[in-house]
Amino acid sequence: GLVTGVQTCALPIYEAYKTMVSNKFVLKDAYKISPSHGGVDYSFNNYGRIPVEKRAKIDFIFVTPNIDVIRTGIPMDVQTHALSDHNPHWADLQF
């Protein structure tokens, strides 16, 4: 199986994301196929300067179909804003 992460700087409506998860590719968005999520639904916070309702998910973890996604999460707390303009994104996977 294959696991890869990418910061596309593009919302899912854009062509790069559509190509990555199209039937021509075997990669799937772990967040979308996960039965359970923890944390927030956005990954870009611009060091906390963007209002919560305008924050977007622009970071992705892609997996091949033979990898089971158990759970994904995007934690957010005040300390992560000081470290990066993106929230961490994790996935609990079964190979």
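Just above sits the structure.
First things first, this report covers the structure right here in the doc.

Turning next to the environment of D68. Topologically, D68 is positioned in strand 5 (residues 68–74). Spatially, the C-alpha atoms of D68 and D92 are 8.7 Å apart, while their sequence positions differ by 24 residues. The residues contacting D68, other than those within four sequence positions of it, are D92, L93 and Q94.

In space, the 3 strands of this open sheet follow the order 3-5-6, with mixed pairing throughout. Two strands lie at the open edges of the sheet, namely strand 3 (37–39) and strand 6 (90–94), each paired on one side alone. Neighbour-to-neighbour, the strand axes of this sheet turn through a mean angle of 15°, independent of strand direction. Inspection of the sheet shows strand 5 paired to strand 6 by 5 bridges, in the antiparallel sense. Each bridged residue has a counterpart across the sheet, and for G73 the counterpart in strand 6 is W90.

Within the element layout of this structure, H89 appears in the loop between helix 3 (78–83) and strand 6. Residue classification places H89 among the buried residues on the basis of a relative accessible area of 19%. Within the structure, H89 has its side chain in polar contact with the backbone oxygen of D59 (distance 3.3 Å). With near-sequence residues (within four places) excluded, H89 lies in contact with Y31, K57, D59, F60, I61, G73 and I74.

Rules behind the numbers
- Residues numbered from 1 in each chain as written.
- Predicted model: local features only at pLDDT ≥ 70, side-chain atom pairs only at ≥ 80, totals over all residues.
- Heavy atoms only, no water.
- Helix = DSSP H or I, 4+ residues; strand = E, 2+ residues; numbered from the N terminus.
- Contact = heavy atoms within 4.5 Å.
- Pairing = 2+ DSSP bridges.
- Axes fitted to C-alpha atoms, helices over the stretch in contact; angles between N-to-C directions.
- Buried < 20%, exposed > 50% of the residue type's maximum accessible area, 1.4 Å probe, protein only.
- Polar contact = N/O pair within 3.5 Å; in protein donor to acceptor, adjacent residues only side chain to side chain.

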